[in-house]
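Below, each chain spelled out in residue letters.
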2 protein chains.
Amino acid sequence: MRRAPMVGRFTREEVALASRNHGMPLEALREALTPAGLHYLLIHFDIPPPPQRLELGGRVERPFGITPDELRAMPSRSLAVTLECAGNGRAQLSPRYPSMPWLEEGVSTAQWTGVPLRTLLEKAGLQAGVREIAFFGADRGIDGGVEHAFARSLSLAHAMEEDVLVAYAMNGSPLPPQHGAPLRLVVPGWYGMASVKWLVSIQALAEPFDGLQQVRSYHFRKDAAEAGTPCTRIRVNSLMQPPGIPDFYSRNRVLAPGTVQITGRAWSGEAPIVAVELGVDGQWSPAQLDAPAGRYAWTGWHAAWDAVAGEHELACRATDAAGNRQPLEGDWDLTGFGNHGVHRMRVTVRG
Amino acid sequence: MRRAPMVGRFTREEVALASRNHGMPLEALREALTPAGLHYLLIHFDIPPPPQRLELGGRVERPFGITPDELRAMPSRSLAVTLECAGNGRAQLSPRYPSMPWLEEGVSTAQWTGVPLRTLLEKAGLQAGVREIAFFGADRGIDGGVEHAFARSLSLAHAMEEDVLVAYAMNGSPLPPQHGAPLRLVVPGWYGMASVKWLVSIQALAEPFDGLQQVRSYHFRKDAAEAGTPCTRIRVNSLMQPPGIPDFYSRNRVLAPGTVQITGRAWSGEAPIVAVELGVDGQWSPAQLDAPAGRYAWTGWHAAWDAVAGEHELACRATDAAGNRQPLEGDWDLTGFGNHGVHRMRVTVRG
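Residues numbered from 1 in each chain as written. Chains lettered and ligands numbered in written order. Predicted model: local features only at pLDDT ≥ 70, side-chain atom pairs only at ≥ 80, totals over all residues.

## Quick look at the packing of helix 1 (residues 12-20) of chain A against helix 1 (residues 12-20) of chain B
What describes two packed helices is the angle between their axes and the distance between those same axes. Packing of helix 1 of chain A against helix 1 of chain B leaves a shortest axis separation of 6 Å and a crossing angle of 30°. As far as their axial angle goes, helix 1 of chain B and helix 1 of chain A are roughly parallel. The handedness of the crossing between helix 1 of chain A and helix 1 of chain B comes out as right-handed. Of helix 1 of chain B, the residues touching helix 1 of chain A (which contributes E14, V15, A18 and S19 of chain A) are E14, V15, A18 and S19 of chain B. Its residues assigned to classes, the contact of helix 1 of chain A with helix 1 of chain B shows four nonpolar, two polar and two charged. (Axes fitted to C-alpha atoms, helices over the stretch in contact; angles between N-to-C directions. Helix = DSSP H or I, 4+ residues; strand = E, 2+ residues; numbered from the N terminus. Parallel < 35°, antiparallel > 145°, perpendicular 65-115°, else oblique. Left-handed = near helix turned anticlockwise from the far one by under 90°. Contact = placed C-beta atoms within 7 Å. Nonpolar A, V, L, I, M, F, W, Y, C, P; charged D, E, K, R; others polar.)

Right, dumping it as structure tokens:
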């Protein structure tokens, strides 16, 4: 039931997915927090009607259900978190896996407010021997020939970290339908698939969770026969805000000669951003970093460019404190995960 | 500078446009008012920073500028309005014009609140001889080789109708950036291109407006050499909410046998909806209509279907009070405007 990678133009199915699961328009990089309707979306099945209740169960002493109103009455935390789809950049690879054809826009940052997952697990009381916590959404469908509700798990140690939230608000407003209303998980630093939306059930497990989206999907592999390596933390990456004005169809940029401030944002789920370079026609120079907006949020950067008439290629490349640096070209992956090759943009400077 | 129509798979440029300009996921048809982040988008250039002021000028007695706060203090109207992109359905046609590759999801309904345009025109005082009112957005770019800010016009008589609004709120909240913040035009009953976003200037003209988006784009034509016929009112059209659950990639639907309520919405910019038919494998039967939600808003419909095991094709077809009825197949148009052929969906009923 797996689909075969392909080359060249895009299928109708890919276009239908792109029309549903939109990216963040790159001009929205000017906002430190992405407005709700501009935050990227990846919805596997349909947006479900809002679940009325979240159940906590499995290997716990005191299973319970909780309504969104009850959750909102509990002590909360707010965190600015950059989320990125694990498949971001998939459509830059060739051959390309038939799925959501992200070019580079599957990333955004929002302020999420919710109750630490740990608070709910302590309320339920974990039994001895719990190894993982599994999270089930209300969204149900078929993938790889298997019918299932979208579900993922975290190790017990990860689930007990104070910054993993059961969130009920985004940028200060209740979650919109498409972002998991009324309750979703937010797992800072990890690719978006970990942040399960439309949460209906949290289960404490004595054995590793064996759901399709955990053990088969969201793995790096070069060949379908490999077990693969799970997608976890967001790889170091960066984008730039397009300068000048666009051509409607090609999105190529046109601007006047002179000094231009090129701005953008960089992020890594592994360590703070320590450097960004701006590339102009293959020549790299350091950009200046803004103060970080939070441990899990992207870092703004800017660099002056003396634009002279002609055709140019701009590029940006980030490095994090763990020594991870974006590759010039993304590594090929069978299902198109984790492509963090440098972002390139063609611009025309008028004479 | 015009692009050549093409057949078959989609270009990278079309995919990039689809990732920016998302449609309304069809499951959102369950909502009479589309939530802001799910309302379809067609943004020609970039989302601009919010303009601070709207100027009224041209052939008027008392030109003036007004801020969004000043506008919000004036008497307002609220209207539920269905907007549809003139290019909706473009990607169902072959050959297909290279542009935003809408399949069928470029339609939505919102409650818009604003000041009647007429109030502002009366405040400015129109001079004798005014024939058209032109509207300029802050969004600037290149299309068809021509650099311009997006701009459109209305006839004087149309501009003076009480339901043409300069809107500042959508579903009770300030306009989001992508829907024209802080002020946009809303022209009920017309395809979306008339509802100019990010309004910066309204000009009274003694001659017809000659902007590219008015006199060249947004025309029905079969051949590039034709002058063509302008796109104006929304043609009668309808969609259905997909039953059952989807396959992630193909979006094909799977459901259990038995009686299923098929629901959807129908709309026309020319007259009220008077009939919707549900087609099952080519056999048509009448659906029941809900009470209309307003003069300019879509009408809900539902029909029971006794689903038996096997593969089926569902379709829906609306008729309005002016006698307009959706064609079984959309008329071909060079740039892909006005396709209102019936919506079809493949479903699998399990045995």
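## Some details on the interface of chain B and chain A
When the parts come together, some accessible area is lost, and that loss is often what is quoted as the size of the interface. Each side of the interface is counted separately: chain B has 46 residues, and chain A has 46 residues. Mapped by element, the contributors of at least two residues to the side of chain B that touches chain A are helix 1, strand 5 (132-143) and strand 14 (245-246) of chain B. No other element matches helix 1 of chain B, which puts seven residues into the side of chain B that touches chain A. The residue makeup of the side of chain B that touches chain A, split by class, is 23 nonpolar, 11 polar and 12 charged.

## Focus: the domain arrangement of chain A
Residue and element names in this part refer to chain A. Assigned domains within chain A: domain 1 (12-230) and domain 2 (237-349). For domain 1 and domain 2, the distance between their C-alpha centroids amounts to 27 Å. Across the contact, 31 residues belong to domain 1 and 25 residues belong to domain 2. Here the element with the most residues in the side of domain 1 that touches domain 2 is strand 3 (residues 77-84); it accounts for five residues. (Domains from an automatic or database assignment.)

## Points about the relation of the copies chain B and chain A
The two copies are related by a screw motion: chain B maps onto chain A through a turn of 180° and a shift of 0.0 Å along the axis, at an RMSD of 0.0 Å. Between the two chains, the operation in question is that of a two-fold axis. Of every C-alpha in chain B, the one belonging to G37 of chain B sits nearest the axis of rotation, 2.0 Å from it. Of the interface residues in chain B, 100% have counterparts in chain A that sit at the interface too, so the contact is made through matching surfaces. (Least-squares fit on C-alpha atoms with pLDDT ≥ 70 in both.)

## Focus on the sheet that holds strand 10 (residues 199-205) of chain A
All names here are of chain A. Strand order in the open sheet formed by five strands is 2-1-10-5-6, and the pairing between neighbours is mixed. Because the sheet does not close on itself, it has two edges, and the strands there are strand 2 (64-66) and strand 6 (146-155). Within this sheet the neighbouring strands show an average axis-to-axis angle of 25°, counted without direction. By the bridge criterion, six bridges tie strand 5 (residues 132-143) to strand 10 in an arrangement that is antiparallel. Paired with I133 across the two strands is A204, which belongs to strand 10. (Pairing = 2+ DSSP bridges.)

## Comments concerning the environment of V7 of chain A
Within the secondary structure layout, V7 of chain A lies in the segment before helix 1. When neighbours within four sequence positions are excluded, V7 of chain A is seen to be in contact with S94, P95 and R96 of chain A.

## A closer look at the environment of F209 of chain A
Residue and element names in this part refer to chain A. Looking at where F209 falls in the secondary structure, it is placed in the loop between strand 10 and helix 5 (212-215). For F209, a count of 19 C-beta atoms within 10 Å corresponds to the partly exposed category. Along the sequence, F209 and T34 sit 175 residues apart, while their C-alpha atoms lie 33 Å from each other. Contacts of F209, omitting those with residues within four sequence positions, involve E132, A134, S153 and Q214. (Buried ≥ 20, exposed ≤ 12 C-beta atoms within 10 Å, placed from the backbone.)

## Brief notes about the confidence of the model for chain A
Of the residues in chain A, 100% reach a pLDDT of 70 or more, and the chain-wide mean stands at 97. Here the predicted complex carries an ipTM of 0.96, next to a pTM of 0.97. (pLDDT = per-residue confidence, 0-100.)

## Overview of the sheet that holds strand 19 (residues 288-289) of chain A
The strands making up a sheet are joined through hydrogen bonds of the backbone, oriented either antiparallel or parallel. Residue and element names in this part refer to chain A. If you trace the four strands from one edge of the open sheet to the other, you get 13-16-20-19, paired in antiparallel fashion. Sheet topology places strand 13 (237-240) and strand 19 at the edges, where each strand pairs with a single neighbour. Pairing of strand 19 with strand 20 (residues 299-307), which is carried by two bridges, proceeds in the antiparallel orientation. Opposite Q288, over in strand 20, you have H302 as the bridge partner.

## Side note on helix 3 (residues 117-124) of chain B
Residue and element names in this part refer to chain B. Of all the residues in helix 3, the buried ones are L117, L120, L121 and A124. Projected down its long axis, helix 3 carries its buried residues within an arc of 100°, all on one side. G125 lies just past helix 3 and shows a positive phi near 75°. (Arc of directions from axis to C-beta.)

## Observations concerning the pairing of strand 16 (residues 258-267) of chain A
Residue and element names in this part refer to chain A. Relative to strand 16, strand 13 is paired through four bridges, and the arrangement is antiparallel. Across the sheet, L239 pairs through a bridge with R265, a residue of strand 16. In the sheet, strand 16 pairs with strand 20 via nine bridges, with the strands oriented antiparallel. Bridge assignment links V260 to a residue of strand 20, and that residue is W305.

## Digging into the pairing of strand 22 (residues 343-349) of chain B
All names here are of chain B. The alternating pattern of strand 22 places H343, M345, V347 and V349 on a buried face and R344, R346 and T348 on a face that is not buried. With three bridges joining them, strand 15 (residues 253-255) and strand 22 adopt parallel strand pairing. Each bridged residue has a counterpart across the sheet, and for L255 the counterpart in strand 22 is V349. Here strand 21 (residues 310-320) runs beside strand 22; their pairing, made up of seven bridges, is antiparallel. Pairing of G310 across the sheet is with V349, part of strand 22.

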